Amino acid sequence: MSERIRVAVLGAAGRMGSTVVRAVQEAPDLELVATLDAGDDVGALADSGVQVAVDFTVPSATEANVLALVDAGIHAVVGTTGWTDESLGRVRSRLEARPGAGVLIAPNFALGAVLAMTFASRAARYFDSVEVIELHHPDKVDAPSGTARHTAAGIAAARAAAGVGPSPDATTSALDGARGADVDGVRVHSVRLRGLVAHEEILLGNPGEMLTLRHDSFDRVSFMPGVLLGIREVGARPGLTVGLEHFLDLG
Ligand SMILES: NC(=O)C1=CN([C@@H]2O[C@H](COP(=O)(O)OP(=O)(O)OC[C@H]3O[C@@H](n4cnc5c(N)ncnc54)[C@H](O)[C@@H]3O)[C@@H](O)[C@H]2O)C=CC1
Ligand SMILES: O=C(O)C1=N[C@H](C(=O)O)C[C@H](O)C1
């Protein structure tokens, strides 16, 4: 067998990080060499021989982690949400000094969620109306979810490219928040409910019909095949990639 990929996990004590630790330990081609959580120094990984680091931390920490990993010449697979065009731009700039380094930032590693987002952007041009509902556990700190933002951005881009206008909406009077958040012109509604893990519905409406695309993650193991794919592939894809769909052959 060829040499195992040496992996570090950041946020290893968290819900996702601890699940990633188990998945890496169980993968015969991967070797878990470091686990970090809040207070640990990412820069210390520079001389550890770590080849790929996985980040499932918090939106306020992930950019600094990724910049430190790039500086250390370590490829990064990032699931943490909260990225903006500006923070992504800073990662791109930092990568210019490290042309061989790969960074994958994916708002959702569940294959079904990636497919739902892809189908939604393909369908969006054929419907008058589209809205997104995301539903999560109440311990989540950010809203809307990174997945819903990515979904809405993809839908908006597809509709703009096809010359489709905004969804019709006659609302002239509403309580704050009643119509959800506006993400690139697409309404996104966030539910937080004990018992849930991670769920999303994309509603597409036309006169007399509705198409509903729904994805449910019932368990965090649903994200692991995508995370493992990212770990195995990121070293061969230098630069910044946003979205796991770019690592899949979706035609
Ligand atoms: N892309 C995807 O498929 C998924 C993404 N997520 C995202 O992953 C992130 C983490 O989610 P959870 O695991 O549920 O959160 P969590 O709160 O259970 O875990 C976060 C962990 O990061 C640690 N941490 C905080 N600051 C840190 C730092 N500077 N360095 C290292 N560790 C630090 C915390 O102590 C905690 O153990 C969130 O942004 C969430 O939205 C969650 C599920 C799937
Ligand atoms: O916090 C979570 O749990 C999740 N976060 C990601 C997001 O914000 O989209 C991915 C998934 O929805 C679970």
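The rules behind these values
- Residues numbered from 1 in each chain as written.
- Chains lettered and ligands numbered in written order.
- Predicted model: local features only at pLDDT ≥ 70, side-chain atom pairs only at ≥ 80, totals over all residues.
- Heavy atoms only, no water.
- Buried < 20%, exposed > 50% of the residue type's maximum accessible area, 1.4 Å probe, protein only.
- Helix = DSSP H or I, 4+ residues; strand = E, 2+ residues; numbered from the N terminus.
- Contact = heavy atoms within 4.5 Å.
- Near = heavy atom within 4 Å.
- Polar contact = N/O pair within 3.5 Å; in protein donor to acceptor, adjacent residues only side chain to side chain.
- Areas by Shrake-Rupley, 256 points an atom, 1.4 Å probe, with all protein chains shown as cover.
- Nonpolar A, V, L, I, M, F, W, Y, C, P; charged D, E, K, R; others polar.
- 1 Å grid on protein atoms, 1.4 Å probe; cavity = no way out; pocket = protein on both sides within 12 Å on 5 of 7 lines; lining within 4 Å.
- Sits in = over half its atoms within 2 Å of the grid points.
- Salt bridge = Lys/Arg side-chain N within 4 Å of Asp/Glu carboxyl O.
- Axes fitted to C-alpha atoms, helices over the stretch in contact; angles between N-to-C directions.
- Parallel < 35°, antiparallel > 145°, perpendicular 65-115°, else oblique.
- Points joined across faces, edges and corners; volume = space filled by probe spheres on them.

1. A few points about helix α2 (residues 59-71)
- Residues of α2 that are buried include every one of Thr-62, Glu-63, Asn-65, Val-66, Leu-67, Leu-69 and Val-70, and no others.
- If you follow the buried residues of α2, they end up packed against β1 (5-10), β3 (52-55), β4 (75-78), α3 (85-95) and β5 (102-105).

2. Topic: the site of ligand 2
- Near ligand 2 you find Thr-81, Pro-107, Asn-108, His-136, His-137, Lys-140, Ser-145, Gly-146, Thr-147, Ala-198 and Phe-223, and these make up its full shell.
- One of the side-chain N or O atoms of His-136 is found 2.6 Å from an oxygen atom in ligand 2.
- Here an oxygen atom of ligand 2 sits 2.5 Å away from a polar atom, N or O, in the side chain of Thr-147.
- For ligand 2, the protein covers 85% of the area, taking 320 Å² as the surface of the free molecule.
- In terms of residue class, the shell around ligand 2 is built from 3 nonpolar, 7 polar and 1 charged.

3. Some thoughts on the site of ligand 1
- Taken together, 21 residues lie near ligand 1, and Arg-15, Met-16, Asp-37, Thr-81 and Phe-109 sit nearest.
- Between Met-16 and ligand 1, the recorded distance is 2.8 Å, taken from a backbone N or O atom to an oxygen atom.
- The backbone of Gly-79 places a nitrogen or oxygen atom 3.1 Å from a nitrogen atom of ligand 1.
- In isolation ligand 1 offers 860 Å² of accessible surface; the protein chains occlude 80% of this area.
- Applying the majority rule of atoms within 2 Å of the grid points places ligand 1 in the largest pocket.
- Breaking the shell around ligand 1 down by element, the ones donating at least two residues are α1 (15-26) and α2.
- Taken together, the residues that form the shell around ligand 1 break down as 10 nonpolar, 8 polar and 3 charged.

4. Quick word on the side chain of Asp-142
- When you line up the elements, Asp-142 lands in the loop between β6 (129-136) and α5 (146-161).
- Polar side-chain contacts of Asp-142 include one of 2.8 Å to the side chain of Thr-81.
- Excluding residues within four positions of it along the chain, Asp-142 makes contact with Thr-81, Gly-82 and Arg-192.

5. Observations concerning the pattern of salt bridges
- Across all of its chains, the model carries 12 salt bridges by this definition.
- The salt bridge partner of Glu-63 is Arg-90, with a shortest N-O separation of 2.6 Å. With Glu-63 in helix α2 and Arg-90 in helix α3, this pair connects stretches of sequence that are 27 residues apart.
- By sharing partners, the salt bridges in this structure join Glu-131, Asp-169 and Arg-179 into a single network.

6. Observations concerning the packing of α2 against α3
- Orientation of α2 relative to α3, taken along the N-to-C sense of each, is 10 degrees, at an axis distance of 10 Å. Judged by the angle between their axes, α2 and α3 are roughly parallel. Residues Glu-63, Val-66, Leu-67, Val-70 and Asp-71 of α2 lie in contact with α3, whose contacting residues are Ser-87, Arg-90, Val-91, Arg-94 and Leu-95.

7. Overview of empty space enclosed by the protein
- A full pass over the atoms with the stated rule returns 1 cavity of 30 Å³ or more.
- Volume-wise, the largest cavity comes out at about 70 Å³.
- Along its surface, the largest cavity is lined by Asn-108, Ala-113, His-136, Ser-145, Thr-147, Ala-198, His-199, Glu-200, His-215 and Ser-217.
- For the lining of the largest cavity, the secondary structure elements donating two or more residues are β9 (198-206) and β10 (209-217).
- When residues in the lining of the largest cavity are grouped by element, the largest group, 3 residues, is from β9.
- In the lining of the largest cavity, the residues fall into 2 nonpolar, 7 polar and 1 charged.

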